[in-house]
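Chain residues, written in single-letter form:
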Amino acid sequence: MGLLRTHGIFPLLLGSDGFIESLILEHNQREPEVIRRYRLIQAFHKLGLILGLCYALFYFLIGFGLAGVILTLTVMGMGLTWPLLLHKRSPELVGNFFSFTIAAALIVMTPLQGGIYSPSICWFIAPPLVCLLIAGIRPAILWSVLSVGAITIFAVLDNRGVKFPIRYEPGMQEWINFAGYVGLIVFSLSIAVIIERNRL
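Residues numbered from 1 in each chain as written. Predicted model: local features only at pLDDT ≥ 70, side-chain atom pairs only at ≥ 80, totals over all residues. Heavy atoms only, no water.

**Thoughts on the overall build of the protein chain**
Moving on, step 1. Helix and strand counts for the protein chain stand at ten helices and zero strands.
Moving on, step 2. Along the protein chain, helices (α) and strands (β) appear in the sequence α-α-α-α-α-α-α-α-α-α when read from the amino end.
Moving on, step 3. The buried share of the protein chain, taken over its 200 residues, is 46%.
Moving on, step 4. For the protein chain, restricting intrachain contacts to residue pairs at least 6 apart in sequence, the fraction spanning at least 24 positions comes to 69%.
Moving on, step 5. Just so you have it, the protein chain exposes about 10800 Å², and 69% of that area is on carbon and sulfur atoms. (Helix = DSSP H or I, 4+ residues; strand = E, 2+ residues; numbered from the N terminus. Buried < 20%, exposed > 50% of the residue type's maximum accessible area, 1.4 Å probe, protein only. Contact = heavy atoms within 4.5 Å. Areas by Shrake-Rupley, 256 points an atom, 1.4 Å probe, with all protein chains shown as cover.)

So, in structure tokens, the structure goes:
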């Protein structure tokens, strides 16, 4: 509550630089690796907010409101990042929470966009990658297995004749594919920049 009174609700939700520095001091974190992970959490939180809100707006604009709502709820869920870190003081827990939030959104979105043919499929790389950088190798391997498992399930269902109806206007398919792949390029570049800026 002290940090909330000092910085206010919006810097807390956005993970401002001042809030992060105060959080590191309050938690008495002195290990360079732990401090690096706090800053990685800040960077991924901001990236998630920006990409999530951009995608939500895009889906609302093309009339795919259900997807917009799902991504808006995902962004709201990411707002739990800082209360979680404040109380648990565990970057590993937050890394797994990030991965869970992303994976849950993808599992819900994929059936709405045609199952195994959905552009959301290629985004299943995100949960293990984010988890690797924040929480470490072991949980990242677990999220890799879960991501591969989810993709496998969609592939097997399609092979068995289970077809997922597309919930958006057919004329929007090219734009949805375009947004999905361009977003993945932006995400990949952002990951590289985050890593470069947070080297020990």
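**Considerations on the nonpolar core**
Across soluble globular proteins, nonpolar side chains have a tendency to be buried as a group.
Moving on, step 1. One finds Phe44, Tyr59, Phe64, Phe98, Trp123 and Phe187 to be the most contacted residues of the largest nonpolar core, which totals 40 residues.
Moving on, step 2. Here this core takes eleven residues from helix 4 (residues 32–61), the largest share from any one element.
Moving on, step 3. Excluding its chain neighbours within four sequence positions, the residues that come into contact with phenylalanine 44 are Met78, Phe98, Val130, Leu133, Ile134, Ile191 and Ile194. (Core = buried A, V, L, I, M, F, W, Y, C linked by side-chain atoms within 4.5 Å.)

**What to know about the packing of aromatic side chains**
Moving on, step 1. Applying the stated rule across the entire model yields eight aromatic pairs.
Moving on, step 2. Geometrically, the ring pair formed by phenylalanine 154 and phenylalanine 164 is edge-to-face, given 5.7 Å between the ring centres and 70° between the ring planes. A residue pair is termed long-range when its members are at least 10 positions apart, and phenylalanine 154 in helix 9 (residues 137–159) and phenylalanine 164 in the loop between helix 9 and helix 10 (173–197) qualify at ten residues.
Moving on, step 3. Judged by relative accessible area, phenylalanine 154 falls into the buried class, the value being 7%.
Moving on, step 4. What makes phenylalanine 164 partly exposed here is its relative accessible area of 23%.
Moving on, step 5. By way of ring pairs, the aromatic residues Tyr55, Phe58, Tyr59, Phe64, Trp123, Tyr168 and Phe187 are connected into one cluster. (Phe/Tyr/Trp six-rings, centres within 6.5 Å; stacked < 30°, edge-to-face > 60°.)

**A closer look at the side chain of glutamine 113**
Moving on, step 1. Inspection of the secondary structure assignment puts glutamine 113 in the loop between helix 7 (91–112) and helix 8 (126–135).
Moving on, step 2. If sequence neighbours within four positions are ignored, glutamine 113 has contacts with Tyr59, Phe64, Ser118, Pro119, Ser120, Ile166, Tyr168 and Ile176.

**What to know about the packing of helix 4 against helix 7**
Moving on, step 1. One can describe the packing of helix 4 onto helix 7 by two numbers: an axis separation of 10 Å at closest approach and a directional angle of 20°. For the element pair helix 4 / helix 7, the angle class is roughly parallel. Considering how the two elements wind past one another, helix 4 and helix 7 form a crossing that is left-handed. Along its contact with helix 4, which presents Val34, Arg37, Tyr38, Ile41, Phe44, His45 and Tyr59, the element helix 7 presents Pro91, Glu92, Val94, Phe98 and Met109.
Moving on, step 2. Per-class residue counts for the contact of helix 4 with helix 7 are nine nonpolar, one polar and two charged. (Axes fitted to C-alpha atoms, helices over the stretch in contact; angles between N-to-C directions. Parallel < 35°, antiparallel > 145°, perpendicular 65-115°, else oblique. Left-handed = near helix turned anticlockwise from the far one by under 90°. Nonpolar A, V, L, I, M, F, W, Y, C, P; charged D, E, K, R; others polar.)

**A short note on a nonpolar patch on the surface**
Moving on, step 1. There is a patch of nonpolar side chains on the surface, built from Phe60, Val69, Leu73 and Met76 and spanning about 400 Å² of accessible area.
Moving on, step 2. No other element matches helix 5 (residues 65–78), which puts three residues into the nonpolar patch.
Moving on, step 3. When you line up the elements, leucine 73 lands in helix 5.
Moving on, step 4. Residue leucine 73 is classed as exposed on the basis of its relative accessible area, which comes to 53%. (Patch = residues over 30% accessible without salt bridge, like charges linked within 9 Å, V, L, I, M, F, W, Y side chains within 5 Å. Salt bridge = Lys/Arg side-chain N within 4 Å of Asp/Glu carboxyl O.)

**Considering helix 6 (residues 81–88)**
Given 3.6 residues per turn, any residue in an α-helix points the same way as the ones three and four places further on.
Moving on, step 1. Taken residue by residue, helix 6 has Thr81, Trp82, Leu85 and Leu86 as its buried positions. Summarising the axial view, the buried residues of helix 6 lie within an arc of 125°, below the 170-degree limit, and thus occupy one face. In helix 6, the exposed residues that point more than 90 degrees away from the buried face are His87 and Lys88.
Moving on, step 2. Positive phi shows up at arginine 89, right after helix 6, with a value of about 55°. (Arc of directions from axis to C-beta.)

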